[in-house]
Amino acid sequence: LRGEREIAALPADFPLPAKSSVEEAGAGTLYPYRIEWKTDARVNEVAGIMRTRLRDGKWRVLESTEDANGLQMKSARTGEPPVVAEVAVEPEGKGSRIRLEFSPVPASSVPGYQQWLESNGIVARHVDPKALGEP
């Protein structure tokens, strides 16, 4: 199953609307993991559920913006393991698409993290300061 690793990494307490189904999963562009769901529920209904559940005490909403394109939230989970996430709820047909990108903290604990960085054009290598002429 494509995306099995990402789905397995999702914290069990991440709030999902009822009657949603996984559409895609794989590497994200903001964070190493990405999962997308589709639901027949309208954006405002899904956004309300997500906003409420992501403020339940285990999760915190760090930033939230809502416009004609839907809802975008930056969120964090303080439990074990700590997680950072970005959630987008957007209209799709008569329903909604929920896109989640997330990472446990520290992100370097993600299997394949180095390859994910490189696939996004981020090269992280240890450089000896002496080689750069630094004291």
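Residues numbered from 1 in each chain as written. Predicted model: local features only at pLDDT ≥ 70, side-chain atom pairs only at ≥ 80, totals over all residues. Heavy atoms only, no water.

A. Representation of the sheet that holds strand 1 (residues 20-27) within the structure. Across the sheet, which stays open at both edges, the six strands sit in the order 1-2-6-5-4-3 with antiparallel pairing between neighbours. The sheet terminates laterally at strand 1 and strand 3 (59-67), the two strands that pair on one side only. Strand-to-strand twist across the sheet, computed as the mean angle between neighbouring axes with direction ignored, equals 15°. Relative to strand 4 (residues 70-77), strand 3 runs antiparallel, the two sharing eight bridges. By the bridge assignment for strand 4, tryptophan 59 is matched with arginine 77. Strands strand 2 (33-39), strand 3, strand 4, strand 5 (83-92) and strand 6 (95-104) of the sheet are contacted by helix 2 (residues 43-53), whose axis makes an angle of about 165° with strand 5. (Pairing = 2+ DSSP bridges. Helix = DSSP H or I, 4+ residues; strand = E, 2+ residues; numbered from the N terminus. Axes fitted to C-alpha atoms, helices over the stretch in contact; angles between N-to-C directions. Contact = heavy atoms within 4.5 Å.)

B. Molecular detail of the pattern of salt bridges. This structure, assessed with the given rule, holds 11 salt bridges. Notably, a salt bridge pairs lysine 74 with glutamate 86, separated by 4.0 Å at the nearest N-O pair. Of the two residues, lysine 74 sits in strand 4 while glutamate 86 sits in strand 5, which places them 12 residues apart along the sequence. A relative accessible area of 23% places glutamate 86 in the partly exposed class. Across the pair arginine 99 and glutamate 101 runs a salt bridge, and its minimum N-O distance is 2.5 Å. (Salt bridge = Lys/Arg side-chain N within 4 Å of Asp/Glu carboxyl O. Buried < 20%, exposed > 50% of the residue type's maximum accessible area, 1.4 Å probe, protein only.)

C. Up close: the packing of aromatic side chains. By the definition in use, this model includes three aromatic pairs. Here the aromatic rings of phenylalanine 14 and tryptophan 59 are separated by 5.5 Å at their centres, their planes lie at 80°, and the arrangement is edge-to-face. With phenylalanine 14 in the loop between helix 1 (4-9) and strand 1 and tryptophan 59 in strand 3, this pair connects stretches of sequence that are 45 residues apart. Both residues of the pair, phenylalanine 14 and tryptophan 59, count as buried. Where tyrosine 33 meets phenylalanine 102, the ring centres are 5.1 Å apart and the plane angle is 40°; that geometry is what we call tilted. With tyrosine 33 in strand 2 and phenylalanine 102 in strand 6, this pair connects stretches of sequence that are 69 residues apart. (Phe/Tyr/Trp six-rings, centres within 6.5 Å; stacked < 30°, edge-to-face > 60°.)

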